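One letter stands for each residue in the lines below.
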Amino acid sequence: MPSRRQLLAGLGVTVAGGASAATTAAPEPVSSSPFDWPMFQYDPAGTGYNPDAAGPKDDVQVAWVHDSTDWFRGASAPVRLGDTLYAVGDGLLALEVDSGERRFGRRGPYTSSPAAAHAPSYRTATLAATSTGGVYGLNADGGIGVPGLDRGLGSQRWVGPGPGRARPTIEHQPAVNPVTVDDTVYAAVHGTNDIVALDANSGSERWRVTHHEDDIVSVSFGRPTVRDGTLFVANWPNQVSAYDREDGTERWQRKLEDQMQLCTPATDQGIVVTSRNGVALLDADDGEALWRRDLDGNAIDGTAAVADGTVFLSDGDERFYALDLETGETLWSVPFERETTPVVADGMVYAVETNESLIGLDAETGTKRFRYEPPEIPLSPPIVGNGVLYAVNRGRIVALEESR
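Overview of the structure. Just so it is clear, the model here is predicted, and its values are computed rather than measured.

**Considerations on the overall build of the protein chain**
- Within the protein chain, the secondary structure is distributed over one helix and 33 strands.
- Put simply, 52% of the contacts in the protein chain that link residues at least 6 apart link residues at least 24 apart.
- As displayed, the protein chain has an accessible area near 16,200 Å², and 45% of this comes from carbon and sulfur atoms.

**Focus on unusual backbone geometry**
- Cis peptide bonds are those with omega within 30 degrees of zero, and the linkage from Gly 160 to Pro 161 qualifies with -10°.
- Relative to the helices and strands, Pro 161 resides in the loop between strand E11 (156-160) and strand E12 (179-181).
- Of note, the phi angle at Tyr 42 is positive, near 75°, even though the residue is not glycine.
- With respect to the helices, strands and loops of the structure, Tyr 42 is situated in the loop between helix H1 (4-10) and strand E1 (60-66).
- Despite not being glycine, Arg 394 shows a phi value in the positive range, around 65°.
- On the accessibility criterion, Arg 394 (41% relative accessible area) is partly exposed.

**Examining the nonpolar core**
- Within the largest apolar cluster, 32 residues are counted, with the highest numbers of intra-cluster contacts made by Tyr 350, Leu 358, Val 384, Tyr 390 and Ile 397.
- Residue contributions to this core peak at five residues, all from strand E32 (residues 388-393).
- Listed in part, the 17 residues of the second largest apolar core include Ala 197, Val 219, Phe 221 and Leu 231.

**Details of the sheet that holds strand E13 (residues 184-188)**
- In space, the four strands of this open sheet follow the order E12-E13-E14-E15, with antiparallel pairing throughout. Each edge of the open sheet is held by one strand with a lone partner, namely E12 and strand E15 (205-210). Strand-to-strand, the axes of this sheet are offset by a mean angle of 15°, without reference to chain direction.
- Where E12 meets E13, three bridges bridge the pair, whose relative direction is antiparallel. If you follow Val 181 over to E13, its bridge partner there is Thr 184.

**Thoughts on the pattern of salt bridges**
- Inspection of the entire model under this criterion finds 16 salt bridges.
- One salt bridge in this structure joins Asp 83 and Arg 103, with 3.0 Å as the shortest N-O distance. Residue Asp 83 is found in the loop between strand E2 (79-81) and strand E3 (84-88), and its partner Arg 103 is found in strand E5 (residues 102-107); the two are separated by 20 residues along the sequence.
- Exposure remark for Asp 83: the relative accessible area of 41% places this residue in the partly exposed category.
- One continuous salt-bridge network, built from bridges that share partners, spans Asp 58, Asp 362 and Arg 369.

**Concerning the packing of aromatic side chains**
- Counting across every chain of the model gives eleven aromatic pairs.
- When the ring of Phe 312 is compared with that of Trp 332, the centres are 6.2 Å apart and the planes differ by 45°; the resulting orientation is tilted. Residue Phe 312 is found in strand E24 (residues 310-314), and its partner Trp 332 is found in strand E26 (residues 330-335); the two are separated by 20 residues along the sequence.
- Here the aromatic rings of Phe 320 and Phe 336 are separated by 5.4 Å at their centres, their planes lie at 55°, and the arrangement is tilted. Placement of the pair is Phe 320 in strand E25 (residues 319-324) and Phe 336 in the loop between E26 and strand E27 (343-345), with a sequence separation of 16 residues. For the pair Phe 320 and Phe 336, a shared accessibility class is recorded, and that class is buried.
- By way of ring pairs, the aromatic residues Phe 312, Phe 320, Trp 332 and Phe 336 are connected into one cluster.
- Between the NZ or CZ atom of Arg 157 and the centre of the ring of Tyr 122, over which it lies, the distance is 3.8 Å.

**Quick word on the sheet that holds E27**
- Spatial strand order, E27-E28-E29-E30: four strands in an open sheet with antiparallel pairing. Only two strands of the sheet have a single neighbouring strand rather than two, namely E27 and strand E30 (368-372). Sheet twist, expressed as the average angle between the axes of neighbouring strands with direction ignored, equals 20°.

**Details of the pairing of strand E7 (residues 126-131)**
- For E7, the buried fraction is high: six of the six residues fall into the buried class.
- Side chains Thr 126, Ala 128 and Thr 130 of E7 all project onto a buried face; the interleaved residues Leu 127, Ala 129 and Ser 131 project onto the opposite face, where all are buried too.
- Pairing geometry for strand E6 (residues 115-117) and E7, over three bridges, is antiparallel. Note on E7: the bridge partner recorded for Ala 117 is Thr 126.
- Where E7 and strand E8 (residues 134-139) come together, six bridges link them in antiparallel fashion. Among the inter-strand pairings, Ala 129 is bridged to a residue of E8, identified as Tyr 136.
- Where E7 folds back on E8, the antiparallel hairpin that results is connected by two residues.

Conventions we followed
Residues numbered from 1 in each chain as written. Predicted model: local features only at pLDDT ≥ 70, side-chain atom pairs only at ≥ 80, totals over all residues. Heavy atoms only, no water. Helix = DSSP H or I, 4+ residues; strand = E, 2+ residues; numbered from the N terminus. Contact = heavy atoms within 4.5 Å. Areas by Shrake-Rupley, 256 points an atom, 1.4 Å probe, with all protein chains shown as cover. Buried < 20%, exposed > 50% of the residue type's maximum accessible area, 1.4 Å probe, protein only. Core = buried A, V, L, I, M, F, W, Y, C linked by side-chain atoms within 4.5 Å. Pairing = 2+ DSSP bridges. Axes fitted to C-alpha atoms, helices over the stretch in contact; angles between N-to-C directions. Salt bridge = Lys/Arg side-chain N within 4 Å of Asp/Glu carboxyl O. Phe/Tyr/Trp six-rings, centres within 6.5 Å; stacked < 30°, edge-to-face > 60°. Lys NZ or Arg CZ within 6 Å of the ring centre and 35° of its normal.

Written out as structure tokens, the structure reads:
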């Protein structure tokens, strides 16, 4: 029979020894490898760019496929911590990055991409995921498995936040991807107009703000971004807001002309805001527009990626663009159908077209280097590691490498 110490260690709880109960072991670092991809769009700023990562540059082949978990159904991008890949789809699935072998599976009502946070009360990171039921804090080590079941003792650490004012929702997605910075989780609460900051150890609220408290219908948030102490978030129909990261105090709010604000990647030059029709760069200090481009688009989803002074995005209709970050001028554009969520690594841009084909583009010229079409749809946005791309493909997780 396991001892109390062994049981707590299996749950990922930090165990103090003897009389030094006030002294706790340091938690394992959230990012332990330069190839980590700890949240949707890589970093709190939402750039979609890991300068240390690399992916295939020419024709690709399947490195491995995991399809042995019958309950898994996912469409959200995976994340990577060290040598473990995590994917969400009616539960949390953890795989070995080099082989795709299953480490554990934990069924649950989770739908968003997970985001890894430091949790000083535990020896392992907390993975935050959202769904229509709220925000969930999950044990990155899976807890103690229950034989014969895809359940685990201590696999779910907490559920939060407390109830807010429920509103009818027009959201086209069941959850908004959360963001983590150190031991704090930032998330939009489904079915409300609330943004919350939660303690990654317990799920308790550090602050909560309500956007347009008098509105009857939920405003439908984009994925929040964080940079230099400020949280930025876009929402339908046409607002972008900035809040103090520590206490939620509103710093500014702008109502833009374009309908349907989608994302807010945060950069040194400003906040990149995509909308249904185009894209703008806003001043991070006051929200004033530094430039705005009408791309005559029709995007109702997707994000932009930013790398090395260039903004990469689709117009949601028929073109994919590379724009100069400082001026908004077009560097190149290529035919591309519908919206997408691109990622960038080592001179390449990777984007999923019409939810079913992964395209590899040269970041300098837009030249198409490869196309991969999986046997199932949809195909999630990819993440990039050490020469390998990873994506969720409905009931499968797939790893792609350059053809030998």
